[in-house]
Amino acid sequence: MKKLKLGFTLSEILVTLGLMSFLLLILASTLRNVTPDQDKIMLKKAYKLTETIVSELVNDVELYPEPEDASGDWALANTGSVNNYYSSGPVSGSTKFCELFKSRLNVAKTHKTCAQSTSEAGMRTSADSLVALRSFTTSDGIDWFVTATDFGTNSAPCIIDVDVSGFNKGVNCFEGDTGCSSPDRFSFQVYSSGRVVLLDNIAKEYLRDTKIAN
């Protein structure tokens, strides 16, 4: 009568461990593809919010009425004084768009007034300097930097920079910064016509990623 074989041979254990390791690698790769990166989600949220708010503003004839004559400033370049019905008091001039844009976001903390807003060149600085330039932080933790502009000089756009992970979190860098392969800071250009343009190629790739939830 043959004895029953108990346990496993060394070769069987090694084969089993090899198969388990292979399956774990496949699973990890699948999870990376299925579970989108948090920074990508927040970028998409910030961009969609910007597009929506800008579209609402440029089409609001009470806030941006058509000029009385053809030589007047159209759309967002019309910086004439209007009452901001989302907050108290009138808005006008180079801070008009910034104030109207800000009032439509769920702002948790204000760091700079629109009159103190800084240009894009000032925002693309070291992390230590960047914290002092934040315009405001929304309740979702995104830091916003909104340039004060009247859209008048050579149809210059308003620059909106966002730090989607918040200051002192994440990698704290823009695309193009040294060693920055996965940026968490991005730039949008808002033109007086209401067009919103992404400045960063990586951001464009993130928005094309269909795995990222809306």
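Structure first, text after, so check above.
A. Geometry of the state of the cysteines. Inspection of the entire model under this criterion finds two disulfides. The disulfide partner of cysteine 98 is cysteine 114, and the gap between their sulfur atoms is 2.1 Å. When the S-S torsion is -75°, as for the bridge of cysteine 98 with cysteine 114, the disulfide is left-handed. In this pair, cysteine 98 sits in helix H3 (residues 96-103) while cysteine 114 sits in the loop between strand E3 (107-110) and helix H4 (120-123), placing the two residues 16 residues apart along the sequence. Grouping residues by exposure puts cysteine 98 and cysteine 114 together as buried. Counting its disulfide-bonded cysteines in sequence order, the protein shows a connectivity of 1-2, 3-4. Of all cysteine sulfurs in the structure, the one in cysteine 98 sits closest to cysteine 158, which takes part in no disulfide; the separation is 7.1 Å. Judged by relative accessible area, which is 0%, cysteine 158 ranks as buried.

B. Representation of the packing of helix H2 (residues 38-58) against H3 within the structure. Between H2 and H3, the shortest axis-to-axis distance is 10 Å and the interhelical angle comes to 120°. Considering their axes alone, H2 and H3 lie oblique with respect to each other. Where H2 crosses over H3, the two elements pack in a sense that is right-handed. For the pair formed by H2 and H3, the contact residues are Thr50, Ile53, Val54 and Leu57 on the first element and Phe97, Leu100 and Phe101 on the second. In terms of residue class, the contact of H2 with H3 is made up of six nonpolar, one polar and no charged.

C. Quick look at the packing of aromatic side chains. All told, the structure shown has six aromatic pairs when counted by the stated rule. The interplanar angle of 75° and the centroid separation of 5.5 Å between the aromatic rings of tyrosine 47 and phenylalanine 188 together place this pair among those described as edge-to-face. In this pair, tyrosine 47 sits in helix H2 while phenylalanine 188 sits in strand E7 (residues 185-190), placing the two residues 141 residues apart along the sequence. Across the pair, exposure class does not vary: tyrosine 47 and phenylalanine 188 are buried alike. A connected cluster of aromatic rings, assembled from ring pairs, spans Phe97, Phe101, Phe136, Trp144 and Phe151. Cation over ring: lysine 96 sits above tyrosine 64, and NZ or CZ is 4.2 Å from the ring centre. Over the face of the ring belonging to tyrosine 191 we find arginine 195, whose NZ or CZ atom lies 4.6 Å from the ring centre.

D. Highlighting the nonpolar core. Counting 37 residues, the largest nonpolar core has Leu76, Phe97, Phe101, Trp144, Ile160, Val162 and Phe188 as the members making the most contacts within it. Within the residue set of this core, elements represented by two or more residues are H2, H3, strand E5 (143-146), strand E6 (158-163), E7, strand E8 (196-198) and helix H6 (201-208). Ranked by residue count, the leading element in this core is H2, at eight residues. Not counting residues up to four positions away in its chain, the partners in contact with isoleucine 160 are Thr50, Phe97, Phe101, Trp144, Phe145, Val146, Phe186, Ser187, Phe188 and Val190.

E. Expanded view of the sheet that holds E6. The six strands are arranged E3-E4-E5-E6-E7-E8 in an open sheet whose pairing can be described as antiparallel. At either margin of the open sheet sits one strand with a lone partner, and together these are E3 and E8. Along the sheet, successive strands turn relative to each other by an average axial angle of 25°, direction set aside. Across four bridges, the pairing between E5 and E6 is antiparallel. Paired with tryptophan 144 across the bridge in E6 is valine 162. The strands touched by H2 within the sheet are E5, E6, E7 and E8, with E7 carrying the most contacts at an inclination of about 15°.

F. A look at the pattern of salt bridges. This model, assessed by the stated rule, comprises three salt bridges. A salt bridge links aspartate 140 to lysine 45; its shortest N-O distance comes to 3.1 Å. Taken together, the residues span a long stretch of sequence, with aspartate 140 in the loop between strand E4 (136-138) and E5 and lysine 45 in helix H2 at a distance of 95 residues. For aspartate 140, a relative accessible area of 25% corresponds to the partly exposed category. Looking at lysine 45, the relative accessible area reads 39%, which means it is partly exposed. Between arginine 185 and aspartate 163 there is a salt bridge, with its nearest N and O atoms 2.7 Å apart.

How each quantity is defined
- Residues numbered from 1 in each chain as written.
- Predicted model: local features only at pLDDT ≥ 70, side-chain atom pairs only at ≥ 80, totals over all residues.
- Heavy atoms only, no water.
- Disulfide = S-S within 2.5 Å.
- Helix = DSSP H or I, 4+ residues; strand = E, 2+ residues; numbered from the N terminus.
- Buried < 20%, exposed > 50% of the residue type's maximum accessible area, 1.4 Å probe, protein only.
- Axes fitted to C-alpha atoms, helices over the stretch in contact; angles between N-to-C directions.
- Parallel < 35°, antiparallel > 145°, perpendicular 65-115°, else oblique.
- Left-handed = near helix turned anticlockwise from the far one by under 90°.
- Contact = heavy atoms within 4.5 Å.
- Nonpolar A, V, L, I, M, F, W, Y, C, P; charged D, E, K, R; others polar.
- Phe/Tyr/Trp six-rings, centres within 6.5 Å; stacked < 30°, edge-to-face > 60°.
- Lys NZ or Arg CZ within 6 Å of the ring centre and 35° of its normal.
- Core = buried A, V, L, I, M, F, W, Y, C linked by side-chain atoms within 4.5 Å.
- Pairing = 2+ DSSP bridges.
- Salt bridge = Lys/Arg side-chain N within 4 Å of Asp/Glu carboxyl O.

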